Amino acid sequence: MKSLIRSAVVCPDATKKYPAIVYGKGIYLYDESGKGYLDASSGSAAVSNLGYGIPEIAEIIREQSLKVSVLPTHVFSSRVVDDYFDALVDFAPPGFSKVWTVTSGTEAVESAIKLALQYHRVKGDEKRYKIVSRHTSYHGNSVFMLDIGGMPIRKKIYDQWMNHFPHISAANTYRKPDHLDEEAYVDMLADEFEQTLLEGDPGTFAAFIAEPVVGAAMGAVPAPPGYLERMYHICRKYGLLFISDEVLAGFGRVGTRFGVEKFNVIPDIIAAGKGISGGYFPLSAVLASREVMEPFVQQNLPFLGGHTYACNPLGAAIGRFVLTYIAEQNLVQKAEIQGRYLKEKLQYLYKHDIVGDVRGEGLLLGIELVQDKVTKKPFPPEMNIAKRIGELAMEEGVVLYPGKGTNDGFTGDHILISPPLIINQEECDQIANVLDLCIEKVVGVPA
Ligand SMILES: Cc1ncc(COP(=O)(O)O)c(C=O)c1O
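Residues numbered from 1 in each chain as written. Predicted model: local features only at pLDDT ≥ 70, side-chain atom pairs only at ≥ 80, totals over all residues. Heavy atoms only, no water.

In the nomenclature of an unreviewed UniProt entry, the protein corresponds to Aminotransferase class III-fold pyridoxal phosphate-dependent enzyme from the organism Chitinophaga nivalis. For the record of the protein, the UniProt heading Cofactor (unreviewed entry) holds the text "pyridoxal 5'-phosphate". (UniProt positions renumbered as here; feature names shortened; annotations may be inferred.)

Caption draft 1: Spotlight on the packing of aromatic side chains. Summed over the entire model, instances satisfying the criterion amount to 13 aromatic pairs. Judged by centre distance (4.7 Å) and plane angle (35 degrees), the ring pair of tryptophan 100 and phenylalanine 303 falls under tilted. One end of the pair, tryptophan 100, is in strand S4 (residues 96–102); the other, phenylalanine 303, is in the loop between helix H10 (290–298) and helix H11 (313–328), with 203 residues separating them in the sequence. Across the pair, exposure class does not vary: tryptophan 100 and phenylalanine 303 are buried alike. Taken together, the aromatic side chains of Phe193, Phe208, Tyr232 and Phe242 make up a single cluster linked through ring pairs. The ring of phenylalanine 205 has lysine 130 lying over it, and the distance from NZ or CZ to the ring centre is 4.9 Å. (Phe/Tyr/Trp six-rings, centres within 6.5 Å; stacked < 30°, edge-to-face > 60°. Helix = DSSP H or I, 4+ residues; strand = E, 2+ residues; numbered from the N terminus. Buried < 20%, exposed > 50% of the residue type's maximum accessible area, 1.4 Å probe, protein only. Lys NZ or Arg CZ within 6 Å of the ring centre and 35° of its normal.)

Caption draft 2: View of the domain arrangement of the protein. Looking at the assigned domains, one finds that the protein contains domain 1 (2–50 + 330–444) and domain 2 (58–328). Relative placement of domain 1 and domain 2: their C-alpha centres are 25 Å apart. Summed over both sides, the interface of domain 1 with domain 2 buries roughly 3,100 Å², with 58% coming from carbon and sulfur. Linking domain 1 with domain 2 are three salt bridges, by the criterion used here. Between lysine 262 and glutamate 336 there is a salt bridge, with the nearest N and O atoms lying 2.5 Å from each other. Only helix H2 (42–46), helix H12 (331–346), strand S13 (355–361), strand S14 (364–369) and strand S17 (413–417) provide two or more residues apiece to the side of domain 1 that touches domain 2. (Domains from an automatic or database assignment. Buried area = accessible area lost by both parts, 1.4 Å probe. Salt bridge = Lys/Arg side-chain N within 4 Å of Asp/Glu carboxyl O.)

Caption draft 3: Quick look at the side chain of glutamate 368. When you line up the elements, glutamate 368 lands in strand S14. Under the relative-accessibility criterion, glutamate 368 is labelled buried at 0%. Other than its neighbours up to four places away in sequence, glutamate 368 contacts Asn172, Tyr174, Arg175, Ile354, Val355, Gly356, Asp357, Arg359, Thr406, Asp413 and His414. (Contact = heavy atoms within 4.5 Å.)

Caption draft 4: Region of the structure containing the sheet that holds S17. What the four strands build is an open sheet, ordered S13-S14-S17-S16; its pairing is antiparallel. Edge positions in the open sheet fall to S13 and strand S16 (401–404), since each of these has one partner strand only. Ignoring strand direction, the axes of neighbouring strands in this sheet form an average angle of 20 degrees. Judged from the six bridges that link them, S13 and S14 form a sheet pairing that is antiparallel. Bridge pairing links glycine 360 to leucine 365 in S14. Its contacts with the sheet put helix H13 (residues 385–395) on S14, S16 and S17, and the angle it makes with S17 is roughly 40 degrees. (Pairing = 2+ DSSP bridges. Axes fitted to C-alpha atoms, helices over the stretch in contact; angles between N-to-C directions.)

Caption draft 5: Inspection of the site of the ligand at higher detail. Taken together, Ser104, Gly105, Thr106, Tyr138, His139, Gly140, Glu211, Asp245, Val247, Leu248 and Lys274 make up the full set of residues near the ligand. In the environment of the ligand, an oxygen atom lies 2.8 Å from a nitrogen or oxygen atom belonging to the backbone of glycine 105. Between the ligand and lysine 274 there is a distance of 3.0 Å, counted from an oxygen atom to a side-chain nitrogen or oxygen. Along the lines of polarity and charge, the residues of the shell around the ligand split into three nonpolar, five polar and three charged. (Near = heavy atom within 4 Å. Polar contact = N/O pair within 3.5 Å; in protein donor to acceptor, adjacent residues only side chain to side chain. Nonpolar A, V, L, I, M, F, W, Y, C, P; charged D, E, K, R; others polar.)

Caption draft 6: Structural context of the nonpolar core. Within the largest apolar cluster, 133 residues are counted, with the highest numbers of intra-cluster contacts made by Leu115, Phe193, Phe208, Leu369, Ile389, Ile417 and Leu435. Among the elements that line this core, the one with the most residues is H11, at nine residues. For this core, the domains that each give at least three residues are domain 1 (2–50 + 330–444) and domain 2 (58–328). With residues up to four places along the chain from it excluded, the contact list for phenylalanine 193 reads Val132, Ile168, Phe208, Met231, Ile234, Cys235 and Leu240. Listed in part, the six residues of the second largest apolar core include Met151, Ala170, Ala217 and Met218. (Core = buried A, V, L, I, M, F, W, Y, C linked by side-chain atoms within 4.5 Å.)

Caption draft 7: Up close: a negative patch on the surface. A contiguous patch of negative charge, built from Asp82, Asp83, Asp86 and Asp90, is present on the exposed surface. Within the secondary structure, aspartate 86 is located in helix H4 (residues 79–91). (Patch = residues over 30% accessible without salt bridge, like charges linked within 9 Å, V, L, I, M, F, W, Y side chains within 5 Å. Areas by Shrake-Rupley, 256 points an atom, 1.4 Å probe, with all protein chains shown as cover. Lys, Arg positive; Asp, Glu negative; His and termini not counted. Charge placed at Lys NZ, Arg CZ, Asp CG, Glu CD.)

Caption draft 8: Molecular detail of the pairing of strand S7 (residues 205–210). For S7, a buried count of six out of six residues is recorded, marking the element as mostly surrounded by other parts of the structure. Both S7 and strand S10 (residues 241–246) contribute to a ladder of four bridges, which runs parallel. Its bridge partner being in S10, alanine 210 is matched across the sheet by serine 244.

Take a look at the structure:
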């Protein structure tokens, strides 16, 4: 009973027995029976960018916790935190001047949005409070972040608690209207954004938020060419801040330091998490441009919004090591190179009738599964097609990250593939081969 209660809390299926993991090494996790699993999900998901079992990190945790692990930050600073924040500013896009850490992606995105609101207030603009986000997006699991996010199934139960800020269309080239080419599609999305602002009084909007490559919500859907630039310019035109949610895409995952950099956009604020610590500590961060911080600096006003573990030295020591490791191991470049290799391998899966789209950037890749390739008709959700492929892959020793709701928040199946950035070509081959086998099996077996 005890373990049943625990399972119901942390696992999606309380009736199921999950393999108990004892340890991880490199990109593999090992269960109690000794079976190894190639973690092509990197935790849930895209967290373990450096792989598992790095001895230096164990040493850093020991050393730093012997020195100091948490501080009364209202009266002290510490060298380890200051050094880390300097290094994070250096890692950020040009023009960024301020960072601070919190502990989850949800906190980081929510803090980024709070910063946008406070920025307008500090400038004396009390009218701006609305946030524009997109359908089929995920920005965190607090009620406010579910509100901002665009996943109807997750937010439905809290509907009475929500602000219902406007959501605009997701940008997904695979599902664009057939009669539009890519350029016209981007025009259409940009017009929708502008129209939404005009209809809601542009002077009441504080910020626009988007993931540069939509990760878990849609299965690695990259922004169409030119899309983010257009959205950025509309933000500029109407006085909104542009927030890039890089919780999943940041820290090298998509082959650039931050995802937006791949699309030639420098946002006003970045929210980061997951890969920032490689999973060795619950760490996330807000990164802000000099322009955003300017009014705070001029008026000597702080950002209002502390958390107990914000800016703590233990997280900073681990985060600092992760930055060094990313640089020394060339993980950003590796994500690009191995990502290209793996994506090429995955093209082979198009031979299956149900593989509609293979997509993604760097090592944030996805496969969308469809009933009909021509019409792109999704599978009925109750068939759990992606989940079943994920289960078959587990039997073969590969962890994938299947998802549902890809098409419209309700229907549509995808598989996210986001292995650690240290993956080699042989391991990429293993992922592609297992996917091939499991898709073949699922097609042959009725639901
Ligand atoms: C894009 C994005 N934003 C925010 C979050 C929330 O992060 P966390 O689960 O660490 O709160 C996630 C988590 O999956 C995410 O993918």
